Amino acid sequence: MKEIFKKRLMFILLLTALWETVARSGLIKPQLFPSLVSIWQAFTAGMANGELVRNAVFSLYLIILGLVIAMFLAVVCSTFSMLSRTFGNLVDTAVAVMDPLPAIALLPVALVWFGIGQGPIIFVIVHATLWPMILNAVTGFKAVPPIYREVGENIGLSGPRLVLSIMAPAAFPYLLSGLKIGWSRAWRALIAAEMIFGTAGAHGGLGWYIYKQRYLMDISGVFAALIVIIILGVLVEDLVFGFIEKKTIKRWGMTS
Amino acid sequence: MIKIAGLLYVNKISKIFNGHQQPVTALEDVSFELDEGELFCILGPSGCGKSTLLRCIAGFEKLTSGEIMVEGQPVQKPGPDRTMVFQGFDQLLPWKTVLENVEFPLRVKGAGDRAEIREIAGQYISLVGLTAFMHSYPHELSGGMKQRVAIARALALRPRVLLMDEPFASLDAQTRTALQGELITIWEKFKITIIFITHNIQEAIILGSRIGVMSSQPGTIREIVPNHLGRPRFVGYPGFDEMWAELHALLDFNRLG
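Computed from a predicted model, the values in this text were never measured in an experiment.

### Comments concerning the overall build of chain B
For chain B, the helix and strand inventory stands at eight helices and 10 strands. Over its C-alpha trace chain B gives a radius of gyration of 18 Å, about what one expects of a compact globule, namely 18 Å for 257 residues. Once the C-alpha set of chain B is aligned to its principal axes, its extents read approximately 50 × 45 × 40 Å. Residue burial in chain B is summarised as follows: out of 257 residues, 42% are buried.

Rendered as structure tokens:
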């Protein structure tokens, strides 16, 4: 873990040095390629006046809401896939058809169906995350060694109870990687959706913030928002998912 | 006590699998009866269908014909009255500690409130000598310890018949001998009924109060040999060698060639 941090720190230092060299060399106009100092100023200013924080919180709120809905649907769909072959085939087909469709392509449809507001963005996030999560869950369920299922049946479990108390924890590594994929796909879908129409509610979200700062030709502000996105991504990946992994699959010896 | 019928009654069962090219007959016309408190060893070469027979009794496989009755009730599906101890070390649930692995089936069965279930689980874990490892996860245990936990988990449910599918086959010789001894102790103490599958003649002699010898193609019980040797048994015990020779002859290894 410490080794990883050291390497990352080295990489970040190298990148900033490179960045600053290019920015100060005068080869590119500072309006297009701002120096780290001006990005930092934009970052602190955005944090201080609360605009960056508000937008980040709003984006996170949309992502988490979308992910929770998608997780619930994924659990329901994959559970029934395990219980009924017909339903399983249906879900397989749905995943095969829907997964290749980029979420953002559905935004116009979502706008027509749900109107302006949070609805279409949530819809787009659910679409972006649901299919990979179902795919991972079903793959995970299928990869569960038959012995766990037999142990469950032997002690008298069957149906949804068998799926939830035996199959789900046995497939947990797959479920977790599905959630990770869902998280990163949710970010992409969200930022894109917010850029197309940000004014959902009072705060527009980070995508809207980036779009707006570009419109105002505040390139430093654009980069400040990008940094916020990177920081959030790394924090969630390392802290949240890292913590879950440590408490679950690492503790259970289920990492391969 | 007047014996009306055996505890377990296997009547002319056959099992045919749908193979890739042609149907495969795994079991043909297998019959035997089991009384309460017996330790019945089923001895046979690999591929003779002994595991299939046990899986039929457990209810994991549907019979092609015949019937299996436990206390007069036909076996339809798996159930906690016939708990199974498998050969593989992966039969414990890796996301549960030793204690939770033993508690979980009791909770499913509704064997009492929280405290009662903990108490029962604790007793059976101490029976197999693993109290110190109660809060360990399965991946932290050795193969022998995992099999001990699996035995504790199966016993805690107080099954009518304990089904053991070569549970010691993957263990080293020393651990296997130790676990055989422990199993005998538990069996004598609790008067449980056990069906124990093995391909090892020595193991069958040391454990079994009766030994059913299976032959393959078609898989069936050829002969049931009563084992009257005194306990504790060991290799070289008076009568051991004769019994070994008898079983070896019955197994008919030449035919497998």
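Now that the structure has been shown, the text picks up again.
### A closer look at the nonpolar core
Counting 131 residues, the largest nonpolar core has Val124(A), Ile125(A), Ile134(A), Leu190(A) and Ile195(B) as its most contacted members. Ranked by the residues each element gives to this core, the list is headed by helix α6 (residues 118-143) of chain A, at 15 residues. Setting aside chain neighbours within four positions, we find Leu190(A) in contact with Ser59(A), Leu62(A), Ile63(A), Ile121(A), Ile125(A), Gly205(A) and Gly207(A).

### Comments concerning the interface of chain A and chain B
Taken together, the 16 residues of chain A in the interface contact 20 residues of chain B. In terms of residue class, the side of chain A that touches chain B is built from 10 nonpolar, three polar and three charged.

### What to know about the packing of helix α3 (residues 51-83) of chain A against α6(A)
Relative orientation and spacing of two packed helices are given, respectively, by the angle between their axes and the distance between those axes. Residue and element names in this part refer to chain A. Interhelical geometry of α3 versus α6 gives an angle of 40° and a closest axis separation of 7 Å. Two packed elements cross with a definite hand, and for α3 against α6 that hand is right-handed. In the contact of α3 with α6, the residues fall into 21 nonpolar, five polar and no charged.

### Some words on the sheet that holds strand β3 (residues 39-43) of chain B
Remark on secondary structure: sheet strands pair via backbone hydrogen bonds, oriented parallel or antiparallel. Residue and element names in this part refer to chain B. Here six strands make up an open sheet; going across it, the order is β6-β7-β8-β3-β9-β10 and the pairing mixed. Edge positions in the sheet fall to β6 (82-85) and β10 (220-226), since each has one partner strand and no second. Taken over all neighbouring pairs, the strand axes of this sheet differ in orientation by 20° on average, direction set aside. Bridge count between strand β9 (residues 210-215) and β10: six bridges; the pairing is antiparallel. When the bridges of β10 are listed, Ile 211 appears paired with Val 225.

### Observations regarding helix α5 (residues 173-190) of chain B
All names here are of chain B. Here α5 contains 18 residues, and its C-alpha end-to-end distance of 26 Å stays within 8% of the 26 Å for a straight helix at 1.5 Å per residue. Among all positions in α5, only Arg 176, Gln 180, Leu 183 and Trp 187 are buried. Seen end-on, α5 carries its buried residues on one side only, within an arc spanning 65°. Along α5, the residues that are exposed and aim more than 90 degrees away from the buried face are Gln 174 and Lys 189. Along its buried surface, α5 packs onto β3, β8 (194-198) and α6 (201-207). In the stretch just after α5, Lys 191 is the one whose phi turns positive, near 55°.

### Digging into the sheet that holds strand β5 (residues 73-74) of chain B
All names here are of chain B. Taken together, the four strands give an open sheet; going across it, the order is β2-β1-β4-β5, and neighbouring strands pair in antiparallel fashion. The two strands at the open ends of the sheet, each matched to only one other strand, are β2 (24-34) and β5. As paired elements, strand β1 (residues 8-17) and β2 share seven bridges and run antiparallel to each other. Following the sheet pairing, Phe 17 is matched in β2 by Val 24. Sitting on the sheet, helix α1 (residues 50-58) is in contact with β1, β2 and β4 (65-70), with an inclination near 65° to β2.

### Details of unusual backbone geometry
All names here are of chain B. Of note, the bond from Arg 231 into Pro 232 is cis; its omega dihedral lies within 30 degrees of zero at 0°. Mapped onto the fold, Pro 232 is located in the loop between β10 and α7 (240-251). Positive phi outside glycine occurs at Glu 71, with the angle close to 50°. Mapped onto the elements of the fold, Glu 71 is located in the loop between β4 and β5. A positive phi angle, close to 55°, is found at Lys 191, a residue other than glycine. Looking at the secondary structure, you find Lys 191 in the loop between α5 and β8. Given 8 C-beta atoms within 10 Å, Lys 191 falls into the exposed group.

### Some details on the confidence of the model for chain B
Should the pLDDT be low somewhere, the predicted coordinates at that spot are not to be read in detail. Here chain B averages 93 in pLDDT, while 96% of its residues score no lower than 70. This complex was scored by the predictor with a pTM of 0.86 and an ipTM of 0.91.

### Description of the pairing of β3(B)
Residue and element names in this part refer to chain B. Counted residue by residue, β3 has five buried out of five residues, so it is predominantly covered. As paired strands, β3 and β9 are joined by four bridges and run parallel to one another. In the sheet register, Ile 42 faces β9, and the bridge partner there is Gly 212.

Cut-offs used in this document
Residue indices begin from 1 for each chain and proceed along its sequence in written order. Here every chain gets a letter starting at A, and every ligand a number starting at 1, in the order they are written. Side-chain atom pairs in this predicted model are given and counted only at pLDDT of 80 or more, local residue features only at pLDDT of at least 70, and totals for whole chains, interfaces and linings cover all residues. Each helix corresponds to a stretch of at least 4 residues labelled H or I by DSSP, and each strand to a stretch of at least 2 residues labelled E; elements are numbered beginning at the N terminus. As a reference, a globule follows 2.2 Å times the number of residues to the power 0.38, and the radius of gyration itself is taken over C-alpha atoms. For the exposure call, what matters is how many other C-beta atoms sit within 10 Å of a residue's own: 20 or more marks it buried, 12 or fewer exposed, and in between partly exposed, using C-beta atoms placed from the backbone. Each nonpolar core comprises buried Ala, Val, Leu, Ile, Met, Phe, Trp, Tyr and Cys residues, the members being joined through C-beta atoms within 7 Å. The contact rule is simple: place each C-beta atom from the backbone, and if two of them lie within 7 Å, those residues are in contact. Residues were grouped as follows: Ala, Val, Leu, Ile, Met, Phe, Trp, Tyr, Cys and Pro as nonpolar; Asp, Glu, Lys and Arg as charged; and all remaining residues, including Gly, as polar. Geometry is summarised by axes, namely lines fitted to C-alpha atoms with helices restricted to the contacting stretch, and by angles between N-to-C directions that run from 0 to 180 degrees. Handedness of a helix crossing follows the sense of rotation of the near helix relative to the far helix, less than a right angle counterclockwise being left-handed and clockwise being right-handed. A pair of strands is considered paired only if DSSP assigns at least 2 bridges between the two. To estimate the expected span of a helix, subtract one from its residue number and multiply by 1.5 Å. The arc refers to the directions leading from the helix axis to the C-beta atoms. Per-residue confidence from the predictor is given as pLDDT, running between 0 and 100.

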